[in-house]
Amino acid sequence: MPMTVDFKKRLYPGLPDIARHFGTPFHIYDETGIRKTASTVKEAFAGFAGFKEFFAVKALPNPAILSIFFDEGFGFDCSSVPELILVRKTGAIKEDILFTSNNTSADEFKEAFGHGGSLINIDDISLIQKLPGIPDPVSFRYNPGPLRTGNAIIGNPVEAKYGVSHDQIVDAYKKMLDLGSRRFGLHTMLASNELDHSYLIETARMLLDLAGRLSEKLSIRFEFINIGGGMGIPYHPGDKALDLSAMVDGIRAAFLKFYDKQGYEPNLFMESGRYMTGPHGVLVTRVINRKETYRNYVGVDASMSALMRPGIYGAYHHIDIYGKSVSDVPAETVDVVGALCENIDKFAIQRNLPKVQINDLLIIHDTGAHGHAMGFNYNGRLRPKELMLKKDGTVELIRREETVEDYFATLNFEKDVFKP
């Protein structure tokens, strides 16, 4: 189910006033819904000896959002220096921060080790030589290759640029053991937006089986396994939601089996982003044009630069027309488009919507993850503002819109000419 009924009840009564006050377009996030999901996840996994959710910062890197998760006791999954800086400003310290490398430079590792450090998750065995010290603990991102299948977003593991291969994984841990590491974790990330709980259970089993083999072969214990993110949300109306309870039960059974065989139980880590914030954000945009040629086009004041998932993935995002429904307004089939000079700049293609008019407000659902965060400036288009609908009913600006001055800021520099 896209955008929860409760979020609608909180947002829609005041939406026209919010749009008039702040101007469109904007992403707006629901603090109440985010905190409720955070509580649901913590309660679901409370039966594990050690569970921690590391919010995937890439999904929604706004300090106001990160502060909510820090307050809820979550850690943070980072993969860049700016992300590290962002989460440290919340008060997060070493074991609150998981740095998962990917084509990582020595300088990035240096930053991950600095300022109190972080949990280091290494993407490739060749990166060991770039480490400025011995991670404590250390984990590797495991890529099982042909032993597993991925999905449309992550892709076939054999073709994925991520992770240590099955044939390399023993050697990777042996190298760190020889260098002096004594604390270990194990990580993988095989799916994105997965609604089949059995896939996530199997991922946990896979890591536990591998951890058991590594424990026996190298005489090491694993402090944690990290099954990554990938918990999905139902973007289409009528989609069945992820069965979180069944997922937890299946993973718990796998942990008990591991304990019976190995005599110890690692902590369980996850790094969900979309599941935590996706349904709790919407993009609000206003209709500014209609065009009727070979198709009917509805032009809005947001572009793909504010939400690129439909363009790059063909992703579906449900759309409401404020104050209208097909039950009381005649329907029409339209493409909802932005202003970029790209034909993929479409929020919806041949979508059946209530008859749309100039100045109507469109609410594009489920933009609370990988929405604003994936924005860009092609065509000189500027990214929109972000708002927070707070628990007390007030609405707060948590990121201003970009300006023309921002766009030209990187062209203000001291002249530097070099002749080799």
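Whatever comes next refers back to the structure up there.
Everything in this summary refers to the structure shown in the same document.

Each value, and the rule that gives it
Residues numbered from 1 in each chain as written. Predicted model: local features only at pLDDT ≥ 70, side-chain atom pairs only at ≥ 80, totals over all residues. Heavy atoms only, no water. Pairing = 2+ DSSP bridges. Helix = DSSP H or I, 4+ residues; strand = E, 2+ residues; numbered from the N terminus. Right-handed = clockwise from strand over helix to strand, strands pointing away. Salt bridge = Lys/Arg side-chain N within 4 Å of Asp/Glu carboxyl O. Buried < 20%, exposed > 50% of the residue type's maximum accessible area, 1.4 Å probe, protein only. Arc of directions from axis to C-beta. Polar contact = N/O pair within 3.5 Å; in protein donor to acceptor, adjacent residues only side chain to side chain. Patch = residues over 30% accessible without salt bridge, like charges linked within 9 Å, V, L, I, M, F, W, Y side chains within 5 Å. Areas by Shrake-Rupley, 256 points an atom, 1.4 Å probe, with all protein chains shown as cover. Core = buried A, V, L, I, M, F, W, Y, C linked by side-chain atoms within 4.5 Å. Contact = heavy atoms within 4.5 Å. Phe/Tyr/Trp six-rings, centres within 6.5 Å; stacked < 30°, edge-to-face > 60°.

**A few points about the pairing of strand β10 (residues 267-270)**
Taken together, the three bridges between strand β2 (residues 51-56) and β10 define a ladder with parallel strand orientation. Pairing of Phe51 across the sheet is with Leu268, part of β10. With three bridges connecting them, strand β9 (residues 222-226) and β10 associate as parallel partners. Bridge pairing in β10 links Ile225 to Leu268. Assessed by its sense of winding, the connection that carries the chain from β9 through helix α9 (residues 244-262) to β10 is right-handed.

**Topic: the pattern of salt bridges**
This structure, assessed with the given rule, holds 26 salt bridges. Residue Lys174 pairs with Asp178 through a salt bridge whose shortest N-O separation is 3.1 Å. Of this pair, Lys174 and Asp178 both sit in helix α7 (residues 169-179), separated by four residues, roughly a single helical turn. When its relative accessible area of 57% is taken as the criterion, Asp178 is described as exposed.

**Observations regarding helix α4 (residues 63-71)**
Taken together, the buried positions of α4 are occupied by Ile65, Leu66, Ile68 and Phe69. Seen along its axis, α4 keeps its buried residues to an arc of 150°; they face one direction. Where α4 starts, the residue carrying a side-chain oxygen 2.9 Å from the main-chain nitrogen of Ala64 turns out to be Asn62. One or two residues past the end of α4 sits Gly73, with phi positive at roughly 85°.

**Let's talk about a nonpolar patch on the surface**
A grouping of Leu382, Val404, Tyr407, Phe408, Leu411 and Phe413 is seen on the molecular surface, where their side chains present a nonpolar patch of about 590 Å² in accessible area. Position of Val404 relative to the elements: it lies in helix α12 (residues 404-408). Judged by relative accessible area, Val404 falls into the partly exposed class, the value being 47%.

**Comments concerning the nonpolar core**
Formed by 76 residues in total, the largest nonpolar core has its most connected members in Tyr173 and Met247. Sort the elements by how many residues they give to this core and helix α8 (residues 197-218) lands first, with eleven residues. Aside from chain neighbours lying at most four places away, what touches Tyr173 is Val138, Ser139, Phe140, Phe184, Gly185, Leu186, Leu214, Leu218, Ile220 and Phe222. Counting 17 residues, the second largest nonpolar core, distinct from the first, contains Leu307, Val336, Leu353 and Leu362.

**Structural notes on the packing of aromatic side chains**
Working definition: an aromatic ring pair is given by the centre-to-centre distance plus the angle between the planes. Under the counting rule described, the total for this entry stands at 15 aromatic pairs. Plain terms: the ring middles of Tyr12 and Tyr322 are 5.9 Å apart, the flat faces sit at 65° to each other, and that makes the pair edge-to-face. Here the residue Tyr12 occupies a position in the loop between α1 (5-11) and α2 (15-22), and Tyr322 occupies one in the loop between β13 (319-321) and β14 (331-337), the gap between them amounting to 310 residues. By relative accessible area, which is 16% here, Tyr12 ends up buried. By the ring-pair criterion, three or more aromatic residues cluster together here, those being Phe45, Phe48, Phe51 and Phe255.

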